[in-house]
Amino acid sequence: MSRENRLQQILTEEGIPDTHFGSQLELWEDLSNTSEKLFGYPYLKQDDLRWNLAAEYQRVFDIVGFSGKQFECSLRSTYLSPMQSSREEYGKYTKNERTLRHFSRALVNPWRLAVPN
Amino acid sequence: MHWSTLGAWPYLTELFGRVTIPALQCAALNLERTNKITLGSDQRGVTGCPEALYQLQIYMGEYAGRIGFNFHLENNTQIISITNVQGVPGAKQMYDQFEEEYGERPHNYLIRYLQAFGEVAPAEMLFRGWRNPKSENADPRFYNTLFRAEGIRQMKTIIKANDTDY
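Residues numbered from 1 in each chain as written. Chains lettered and ligands numbered in written order. Predicted model: local features only at pLDDT ≥ 70, side-chain atom pairs only at ≥ 80, totals over all residues.

**Structural notes on the overall build of chain A**
Item 1. The number of helices and strands found in chain A is 5 helices and 0 strands.
Item 2. Evaluated residue by residue, chain A yields a buried proportion of 36% over its 117 residues.
Item 3. A separation of at least 24 residues holds for 56% of the contacts in chain A among residues at least 6 apart in sequence. (Helix = DSSP H or I, 4+ residues; strand = E, 2+ residues; numbered from the N terminus. Buried ≥ 20, exposed ≤ 12 C-beta atoms within 10 Å, placed from the backbone. Contact = placed C-beta atoms within 7 Å.)

**Side note on the nonpolar core**
Side chains that are nonpolar tend, in soluble globular proteins, to be buried together.
Item 1. One finds Leu 12, Ile 67, Phe 69, Ile 80, Ile 82, Leu 110 and Leu 114 of chain B to be the most contacted residues of the largest nonpolar core, which totals 38 residues.
Item 2. Contributing elements (two or more residues each) for this core: helix H1 (9–18), strand E2 (54–60), strand E3 (62–74), strand E4 (77–86), helix H2 (92–102), helix H3 (106–115) and helix H5 (140–149) of chain B.
Item 3. Broken down by element, the residue count for this core peaks at 6 residues, all from E3 of chain B.
Item 4. Contacts of Phe 69 of chain B, omitting those with residues within four sequence positions, involve Ala 52, Tyr 54, Ile 80, Ser 81, Ile 82, Thr 83 and Leu 114 of chain B.
Item 5. Judged by nonpolar contacts, the second largest core, of 21 residues, contains Leu 44, Trp 51, Ala 55 and Phe 71 of chain A. (Core = buried A, V, L, I, M, F, W, Y, C linked by C-beta atoms within 7 Å.)

**A look at the confidence of the model for chain B**
Residue and element names in this part refer to chain B.
Item 1. Here chain B shows a mean pLDDT of 86. Residues at 70 or above account for 87%.
Item 2. Every residue in residues 162–166 scores below 50 in pLDDT, and together they form 6 contacts with partners more than four places removed in sequence or on other chains.
Item 3. Overall fold confidence (pTM) sits at 0.86, and the ipTM for the predicted complex is 0.83. (pLDDT = per-residue confidence, 0-100.)

**Re H1 of chain B**
Residue and element names in this part refer to chain B.
Item 1. Residues Trp 9, Tyr 11, Leu 12 and Leu 15 constitute the buried set of H1. The buried side chains of H1 occupy one side of the element, clustering within an arc of 160° when seen end-on.
Item 2. Its buried side turned inward, H1 meets strand E1 (28–33), E2, E3 and helix H4 (117–120). (Arc of directions from axis to C-beta.)

In structure tokens form, the structure reads like this:
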């Protein structure tokens with residue numbers, strides 16, 4: 001399995017939707033601030049998987065709302081799992097596998113789940 | 001269905017409101033997101049909690065302790081990771097009084113209350129526990145006894161060389 005496929009598999013396992021941005025530059029524009037905040041660059045490469053994380057960050061923020069400190073806490077948090085994740089980069093996030101999984105766990109949202117009445 | 005810590009706030013507050021464990025007469029619970037991740041405590045006496053985004057706190061007139069936990073998904077199973085259990089200094093008398101009135105220690109009650117989330121959740125929920133090895137004040141016997149008594153599976157974690165930034 002190629003490295004890119006492995007990274008995509010992690011995102012899939014952790015529930016990060018594939019945005020399939022392709023060449024939709026207007027979507028990149030919308031997320032450029034988020035991408036800069038998370039990764040230090042307003043524009044990643046077109047096929048960079050981290051666009052998916054930026055999109056999810058923005059979506060969760062728009063729905064749930066959270067402070068910067070709470071986002072920071074979610075990245076420092078411990079998620080107990082046989083599929084280990086850890087925050088191994090400070091500030092700027094690489095495509096390190098464990099960090100990618102950790103980042104995903106901080107982001108993916110629950111609002112699709114309906115609590116029964 | 002995929003969901004995890006940051007976005008779980010509305011979901012967890014919904015579950016918190018649906019739990020039907022009888023309310024306590026002399027104590028109150030509070031579910032909140034962590035707002036302090038550094039050393040020291042806020043004006044209530046709540047200390048920083050960098051290892052958990054969510055806190056289930058107990059108040060007996062004043063802040064008396066908490067469990068800190070996180071949330072993520074593995075396949076379709078919801079995972080609650082309890083990564084922090086904390087009391088307050090000099091609270092033994094308060095805890096003894098709680099036990100006298102309710103027949104259990106307050107932290108056992110907090111764990112049981114959190115476990116009751118699983119009874120009202122629409123999908124399977126698993127609970128895992130961990131004693132933070134970086135905490136000098138964490139008494140392993142306290143964690144071990146508490147988790148064992150409440151049937152919480154303890155996990156081991158790997159400490160990484162550069163994992164010391166708090």
